[in-house]
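Summary of the model geometry
Below are the chains, spelled out letter by letter.
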Amino acid sequence: MCFSYYLSWRLVIHGGVVAAETFIIKFRYVIFVGAVEVGIEVITGEPCGEGLTWQLDTATGELVISGEGARAHYSISPAAPWDAHRSLITSVRLEEGVTAVGNYAFMYCDKIVSLSLPDTLVSVGIFSFWNCAALEEVTVLGNPVIKGTPFENCPVLRSFTLTQPRENQSLD
């Protein structure tokens, strides 16, 4: 579940007297649909891109993205479909066939320690692993285009390996 609010207060003064006062509070609740958690160890949900599915093993913390195609792009809203469970994710496995990691896909997944990206990967989106505070090691088996700064604010990232680097590849 995600909760946000908006607060606004407005005074209209006319001739030194408060002519109108407006106080607005807007609340927004987002309930994540498509995942059932009660009494099971594997969580699955809505598709996460054209031809792609995901599942999270709550016992091991492994999030697996499988199928063929590109991951959808996300932002703070709408968030990735596993966002409500990100505190459980300790590893991510993108299976062969996944061609792109979408923008903001794994932001704030702060328990992921290592990551291996398949050689079918064509692109890694902006801020896709933003603020993955425990991420220490990334291995990219192919030569995807890395957009923007997908690994920004990963303070313990010590090893980044591109097995087939592109000429003039920039990680910013």
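Structure: see above.
Residues numbered from 1 in each chain as written. Predicted model: local features only at pLDDT ≥ 70, side-chain atom pairs only at ≥ 80, totals over all residues. Heavy atoms only, no water.

This part is about the overall build of the protein chain. When helices and strands are tallied, the protein chain shows 0 helices and 13 strands. For the protein chain, the sequential pattern of α-helices and β-strands runs β-β-β-β-β-β-β-β-β-β-β-β-β. Per-residue burial over the protein chain gives 33% buried out of 172 residues. For the protein chain, restricting intrachain contacts to residue pairs at least 6 apart in sequence, the fraction spanning at least 24 positions comes to 33%. (Helix = DSSP H or I, 4+ residues; strand = E, 2+ residues; numbered from the N terminus. Buried < 20%, exposed > 50% of the residue type's maximum accessible area, 1.4 Å probe, protein only. Contact = heavy atoms within 4.5 Å.)

Time to look at unusual backbone geometry. With a phi close to 50°, Phe127 is a non-glycine residue in the positive phi region. Here Phe127 lies in the loop between strand E10 (123-124) and strand E11 (137-140).

Let us look at the pairing of strand E9 (residues 114-117). Burial along E9 is one-sided: the face carrying Leu115 and Leu117 is buried and the face carrying Ser114 and Ser116 is not. The pairing of strand E7 (residues 91-94) with E9 spans 2 bridges and is parallel. Its bridge partner being in E9, Val92 is matched across the sheet by Leu115. (Pairing = 2+ DSSP bridges.)

Pairing between side chains of opposite charge can happen when their charged atoms approach one another. One pass over the structure, following the stated rule, counts 3 salt bridges. Ionic pairing is found between Glu95 and Arg93, a salt bridge with its closest N-O pair at 2.8 Å. Judged by relative accessible area, which is 29%, Glu95 ranks as partly exposed. Judged by its relative accessible area of 36%, Arg93 falls in the partly exposed class. (Salt bridge = Lys/Arg side-chain N within 4 Å of Asp/Glu carboxyl O.)

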